[in-house]
Amino acid sequence: MPADLRDTQRWFLDAIRGDGGQAPGVREQIGPSIGLVAEARLQVYADAYWLRLVECLGDQLPASRRLVGAEAFDAMAAAYLTDHPSQSYTLDTLGDSFPDWLA
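Asks: Can you help me understand the overall build of the protein in this one?
Replies: A tally of regular secondary structure across the protein gives six helices and zero strands. Moving toward the C terminus, one meets the helices and strands of the protein in the order α-α-α-α-α-α. In terms of its C-alpha atoms, the protein occupies a principal-axis envelope of roughly 45 × 30 × 15 Å. Counting the 103 residues in the protein, one finds 25% classified as buried. Long-range pairs, those at least 24 residues apart, make up 41% of the contacts in the protein between residues at least 6 apart in sequence. Where the 8 positive side-chain charges of the protein centre and where its 15 negative ones centre are 5 Å apart.

Asks: Looking at this structure, how should I read the packing of aromatic side chains?
Replies: Given two aromatic rings, their pairing is described by the distance between the two centres and the angle made by the two planes. Inspection of every chain in the model, using the stated rule, returns five aromatic pairs. Ring plane angle 75° and centroid distance 5.5 Å describe the contact between F12 and Y45, whose orientation is recorded as edge-to-face. Placement of the pair is F12 in helix α1 (residues 5–17) and Y45 in helix α3 (residues 38–60), with a sequence separation of 33 residues. For Y45, a relative accessible area of 51% puts it in the exposed group.

Asks: Is there a simple way to explain the nonpolar core in this structure?
Replies: A general trend in soluble globular proteins is that nonpolar side chains are found buried together. Residues L53, V54, C56, L57, L61, F73, A77, Y80, L81, L94 and F98 constitute the largest nonpolar core, which totals eleven residues. Of all the secondary-structure elements, those providing two or more residues to this core are α3 and α5 (70–83). Residues contacting L81, with those up to four places away along its chain left out, are W50, L53, V54, L57 and L94. Counting nine residues, the second-largest nonpolar core is a separate cluster that includes W11, A15, V26 and A46.

Asks: Is there a simple way to explain the environment of F12 in this structure?
Replies: By relative accessible area, which is 28% here, F12 ends up partly exposed. With 14 residues separating them in the primary sequence, F12 and V26 have C-alpha atoms 9.1 Å apart.

Asks: Which parts of the structure should I look at to understand the side chain of S86?
Replies: Checked against the element boundaries, S86 lands in the loop between α5 and α6 (98–102). Judged by relative accessible area, which is 7%, S86 ranks as buried. For S86, the residues in contact, after removing those within four places along its chain, are R17, Y49, L53, L91 and L94.

Asks: Teacher, can you tell me more about the layout of surface pockets here?
Replies: Think of a ball as big as a water molecule: rolled over the atoms, this probe shows where empty space is left. Here the largest pocket defines a volume of roughly 250 Å³. Lining the largest pocket we find 15 residues, and of these I16, R17, G18, Y49 and W50 sit closest to its centre. Mapped onto the lining of the largest pocket, the elements with two or more residues apiece are α1, α3 and α5. Ranked by the residues each element gives to the lining of the largest pocket, the list is headed by α3, at six residues. Considering only residue class, the lining of the largest pocket consists of seven nonpolar, six polar and two charged.

Conventions we followed
Residues numbered from 1 in each chain as written. Predicted model: local features only at pLDDT ≥ 70, side-chain atom pairs only at ≥ 80, totals over all residues. Heavy atoms only, no water. Helix = DSSP H or I, 4+ residues; strand = E, 2+ residues; numbered from the N terminus. Buried < 20%, exposed > 50% of the residue type's maximum accessible area, 1.4 Å probe, protein only. Contact = heavy atoms within 4.5 Å. Lys, Arg positive; Asp, Glu negative; His and termini not counted. Charge placed at Lys NZ, Arg CZ, Asp CG, Glu CD. Phe/Tyr/Trp six-rings, centres within 6.5 Å; stacked < 30°, edge-to-face > 60°. Core = buried A, V, L, I, M, F, W, Y, C linked by side-chain atoms within 4.5 Å. 1 Å grid on protein atoms, 1.4 Å probe; cavity = no way out; pocket = protein on both sides within 12 Å on 5 of 7 lines; lining within 4 Å. Points joined across faces, edges and corners; volume = space filled by probe spheres on them. Nonpolar A, V, L, I, M, F, W, Y, C, P; charged D, E, K, R; others polar.

Structure representation (structure tokens):
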């Protein structure tokens, strides 16, 4: 279990980037709510994080999104992000490797 804020933040980021609700220690870090167990609560954040990355990539590559259509682009974005997960504090560089990946 994380000992301080920095460790807790790292745990949370790793959890939402990884298996979401399957993260080790989830019940120690996140309590249940009236409607959701801890794992489901964490999965909400994991899903939102993933969807936000796909949305940002679409915003950075609007011509590609228009060319192939939203559904096909979102599938391509998901595959790209699996191969090239965000490694930066900023999303400005998220799509930098997309043209090479696509080729």
